[in-house]
Number of protein chains: 2
Amino acid sequence: MENRFYTFVGGNTGPWSITGVQPVIGPSLEMAPCLDILNANLQEVPPGAQWFLRGVTSNQRYVTRPEQASLVAIQESLGRAAATCAALIPITKNATWWALTQDERREIFEARSSHIATGLRYLPAIARRLHHSRDLGEPFDFLTWFEYAPSDSEAFEELVAALRATEEWNYVEREVDIRLVRKDRV
Amino acid sequence: MENRFYTFVGGNTGPWSITGVQPVIGPSLEMAPCLDILNANLQEVPPGAQWFLRGVTSNQRYVTRPEQASLVAIQESLGRAAATCAALIPITKNATWWALTQDERREIFEARSSHIATGLRYLPAIARRLHHSRDLGEPFDFLTWFEYAPSDSEAFEELVAALRATEEWNYVEREVDIRLVRKDRV
């Protein structure tokens, strides 16, 4: 069976150098030299590591069929040779968000915040993978991993700024922005 | 923080006697004498137990605000003294279901299968709690726990029969039906 679990480990090993860890909303995470990404559900922080964050890829929660078709038609995979820049952005939404019903969350997410439409504008330049963490008892609800080429750095900044300006982001109570570069490709 | 994890343990201890374990679709689970329900995320099967199943309560995935208001207005809590009968029904949906988009799943779940409306007809007699297991890497996707009085046994059979006859159930690839009675109340 496909293993949908991922563990992000901040420590002394791994293919990505961490260039910065910035708190956006609420408390930050510790700076660490490197990030390793394991396709596994680690049960404890590996020896010598500072922190680990776990998530699981899952079914879509808000996307409709036409939106999904648009995404699939143009999105790129992770691991492109030119994509030497990355970001790991863990976020937690507040209790008010989670008490909303599905229709209310969808309304805010897309009808009023255009989360999917905004993301689509930056494809295929920015590849991403969303990991769900809330139901694993993790400190964050979501971990989003982004990869892009250095020449798309400005586009990436626009994307995160656009999302942070939405009504949806009023429900974010913690966000950390971790930036990285690929060690073996720079 | 509220612990949303539950572990159902089939073994020699616990307040519920298991009266039957029936496979409905796909392979069954082993018969065990008793069931214990722990508000915890056990990492391994307790000594002497035959099996354990884990799940987490979570946000609503399909319910709209008006539906939620109807549910909240009439549903009862678990643990009622008269509710000496229970059922634990683990189900797994197939890959086709999970590849559907949110709007497609909602359409099948409620517009075409009336899952919520059917459940509402049996409230407040039947109390239930839904646990999500798929993203924990468990063998089942959902564990639903039901409690009802012996006088509502017939209503409970009607409810499960109605759900099993829906289009939604075409996507169920495994289902086990475990029936129980409360030891200290019979």
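Residues numbered from 1 in each chain as written. Chains lettered and ligands numbered in written order. Predicted model: local features only at pLDDT ≥ 70, side-chain atom pairs only at ≥ 80, totals over all residues. Heavy atoms only, no water.

**As for the nonpolar core**
Working step 1: If you look at the biggest cluster of nonpolar residues, it comprises 27 residues, and the most contacted ones within it are I89(A), I91(A), W97(A), I126(A), F146(A), F156(A) and L159(A).
Working step 2: Counting only elements with at least two residues in this core, the list comes to β5 (85–93), α2 (95–99), α3 (102–112), β7 (142–148) and α5 (153–164) of chain A.
Working step 3: Looking at this core, the element that brings in the most residues is α5(A), giving 5 residues.
Working step 4: When neighbours within four sequence positions are excluded, I89(A) is seen to be in contact with F142(A), L143(A), T144(A), F146(A), F156(A), V160(A), R164(A), E175(A), V176(A) and D177(A).
Working step 5: I89(B), F109(B), V160(B) and V172(B) belong to the second largest nonpolar core, which has 26 residues in total. (Core = buried A, V, L, I, M, F, W, Y, C linked by side-chain atoms within 4.5 Å. Buried < 20%, exposed > 50% of the residue type's maximum accessible area, 1.4 Å probe, protein only. Helix = DSSP H or I, 4+ residues; strand = E, 2+ residues; numbered from the N terminus. Contact = heavy atoms within 4.5 Å.)

**Quick notes on the interface of chain B and chain A**
Working step 1: Contacts between the two partners involve 26 residues from chain B and, on the opposite side, 26 residues from chain A.
Working step 2: Roughly 2100 Å² of surface becomes buried between chain B and chain A when both sides are summed, with 41% attributable to carbon and sulfur atoms.
Working step 3: Among the residues of chain B in contact with chain A, N59(B), R65(B) and D135(B) are the three that bury the most area, contributing 27% of the side total.
Working step 4: Counting across the interface, chain B meets chain A through 6 salt bridges. (Buried area = accessible area lost by both parts, 1.4 Å probe. Salt bridge = Lys/Arg side-chain N within 4 Å of Asp/Glu carboxyl O.)

**Regarding the relation of the copies chain B and chain A**
Working step 1: Each copy superposes on the other: chain B lies on chain A with an RMSD of 0.0 Å after a rotation of 180° and an axial shift of 0.0 Å. Look at the turn and shift together and you get a two-fold axis relating the two. Taking C-alpha positions as the reference, the residue of chain B nearest the rotation axis is L136(B), at 3.4 Å.
Working step 2: A share of 100% of interface residues in chain B that are also interface residues in chain A marks the association as one of identical surfaces. (Least-squares fit on C-alpha atoms with pLDDT ≥ 70 in both.)

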